[in-house]
Structure formats: C-alpha cells, structure tokens
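# Secondary and tertiary structure notes
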Amino acid sequence: MANIDKLVEQLNFLIKASENYARNDNWSLLHDGADDPVVLSNRLEAAIERATRPTSMYIKQLDTARRRVQPYRLREVRIVALGLRDDLVAGWVESVVELVHADTYRDYLEMAEGLLAKGYKDAAAVITGTSLEVHVRALCAKNNVTTAVAGKPKKADTMNADLKKAGVYDGLQQKEVTAWMDLRNKAAQGDYADYDRDQVRRLIGGVEAFMRKYPA
C-alpha cells in the first residue's frame, strides 16, 4: 500500500498548491519558479494519469477538463484530482492496487527476460515462478480465498486448486499454472537439464498473459 500512499501524497501536495494559487496567485509551494497555472495543471494531470487506468471515469473527466482554457482548466482538473484522492483514501479504487501490482510484476518479468537473453535460463525461471506464486497468493486475497492453514502459508499448488474451486479460473488454467510451477520447482531444485531456454521463454510469456487476464 506504500505506493498508494505515495500517490495520495503527490495529489495532496498538488491540490494544496492549486488551492494556494486560487487564493492569492502565490506559487511558493511549488518551489520551482512556476509563474502561471499551466505548469500546475500539467502536473496535476500527470498525477491523475499515474494514479488510475486510461479507461477510468477520472480520465474521462480529465479529458473534459482539458477542453477548458486556463485558469478554468486548472480549476476543473483540481476537482477531478480531489475526487480521485478521496476515493484512493477510502480504498474505493481497486484498479489502482491492481495497477501497482502489475507494475511490480512487470519489473520482475523484464528482469527475467534480461537474464534469459544473457543465457541465464535457470535464474530467469526462478524469478518468473516466484512472481507467479506471489500473484497467485494475491489473487487468493482478492477473491477471499484463504492463504494459510493452521497458521501456516498454503503451498502454491493448493492455492492454485482453491482458486479453481472458487471459480476464479477454470481447470484448464489451473493445469497451466501447475505446469509453470513445476518448471519453477525444477529450476529451484537444480534440475536444470529437465527444461530448456525455449520453455523458459514460454513460461515468461505465459505468466505475463496470466497476470494481465487475472489482475490482483
């Protein structure tokens, strides 16, 4: 949630700066020498775009605000930012949580792709498989599927089966996830001859598509 808190902090700072400008045309809070509402409006718009999806209602409202001339554009953008900030604080913007997760996973998968390109297929398989397990656990949390038994974390295969039972995805997807986890286990256990580079490449691509299809 630290990333969400940072987004809220950024929005709070820029909203406060825009309020300050509206009151007395004073830009002292910006600390960057800005001298008109254009800069602040651009920064608010960028913050909104960072904090939500391109297809969200906030972006639609932002597009409408962008049709206004300054300083009315800044006023309208600030209203959008206020709504988004309040919804973030209230925990009503679940897609942002999914977006933060997606960005994190994408970083790890890009790392895996880089390792694979340099010939380190085993490390790439471990990183991808670990990202998959973390994502499966996050999917359980999102869908109210327990991730522990008697105080101990469930194994990845168990969570995978539970997600299928809960109807999050079907049996075919469950089997595919099981196969990916098996490859990760082989890499982690040192059974490097049991799979090849092409299989790891397909693992990375499959896991990436899975995370997009089932965001957490």
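Below you will find a few notes about this structure.

Conventions used here
- Residues numbered from 1 in each chain as written.
- Predicted model: local features only at pLDDT ≥ 70, side-chain atom pairs only at ≥ 80, totals over all residues.
- Heavy atoms only, no water.
- Helix = DSSP H or I, 4+ residues; strand = E, 2+ residues; numbered from the N terminus.
- Expected span 1.5 Å × (residues − 1).
- Buried < 20%, exposed > 50% of the residue type's maximum accessible area, 1.4 Å probe, protein only.
- Arc of directions from axis to C-beta.
- Axes fitted to C-alpha atoms, helices over the stretch in contact; angles between N-to-C directions.
- Parallel < 35°, antiparallel > 145°, perpendicular 65-115°, else oblique.
- Left-handed = near helix turned anticlockwise from the far one by under 90°.
- Contact = heavy atoms within 4.5 Å.
- Salt bridge = Lys/Arg side-chain N within 4 Å of Asp/Glu carboxyl O.
- Phe/Tyr/Trp six-rings, centres within 6.5 Å; stacked < 30°, edge-to-face > 60°.

## As for helix α4 (residues 72–90)
Its 19 residues give α4 an end-to-end C-alpha distance of 28 Å, which sits within 8% of 27 Å, the value for a rise of 1.5 Å per residue. Within the sequence span of α4, burial applies to Leu74, Val77, Val80, Ala81, Leu84, Arg85, Asp87 and Leu88. Burial along α4 is one-sided: seen end-on, the buried residues are contained in an arc of 165°.

## Digging into the packing of helix α2 (residues 37–51) against helix α3 (residues 57–65)
Across the interface, α2 lies against α3 with an axial gap of 9 Å and an inter-helix angle of 160°. Between α2 and α3, the angle falls in the class roughly antiparallel. Between α2 and α3 lies a crossing whose hand is left-handed. Contacts between α2 and α3 involve Glu45, Ile48 and Glu49 from the former and Tyr58, Ile59 and Leu62 from the latter.

## Description of the pattern of salt bridges
Per the counting criterion, the structure on display carries 12 salt bridges. Note that lysine 186 and aspartate 182 form a salt bridge whose closest N and O atoms lie 3.5 Å from each other. Note that lysine 186 and aspartate 182 are positioned in helix α8 (residues 171–188) at a spacing of four residues, about one turn of the helix. A relative accessible area of 38% means that aspartate 182 is categorised as partly exposed. Several salt bridges share partner residues, and in doing so they unite Glu45, Glu49, Asp63, Arg66 and Arg73 into one network.

## Considering the environment of leucine 82
Within the fold, leucine 82 resides in helix α4. For the pair leucine 82 and isoleucine 48, spaced 34 residues apart in the sequence, the C-alpha separation amounts to 9.9 Å.

## Describing the packing of aromatic side chains
Evaluation of the coordinates by the stated rule reveals four aromatic pairs. Taking 5.7 Å as the distance between ring centres and 70° as the angle between the ring planes, the aromatic pair formed by tyrosine 169 and phenylalanine 210 counts as edge-to-face. With a gap of 41 residues between them, tyrosine 169 in the loop between α7 (156–165) and α8 and phenylalanine 210 in helix α9 (residues 197–213) connect regions that are remote in the sequence. A relative accessible area of 4% means that tyrosine 169 is categorised as buried. The interplanar angle of 70° and the centroid separation of 5.9 Å between the aromatic rings of tryptophan 180 and phenylalanine 210 together place this pair among those described as edge-to-face. Of the two residues, tryptophan 180 is situated in helix α8 and phenylalanine 210 in helix α9; the sequence distance between them amounts to 30 residues. Phenylalanine 210 matches tryptophan 180 in its accessibility class, with the two residues each being buried. One aromatic cluster is present, formed by Tyr169, Trp180, Phe210 and Tyr214 through successive ring pairs.

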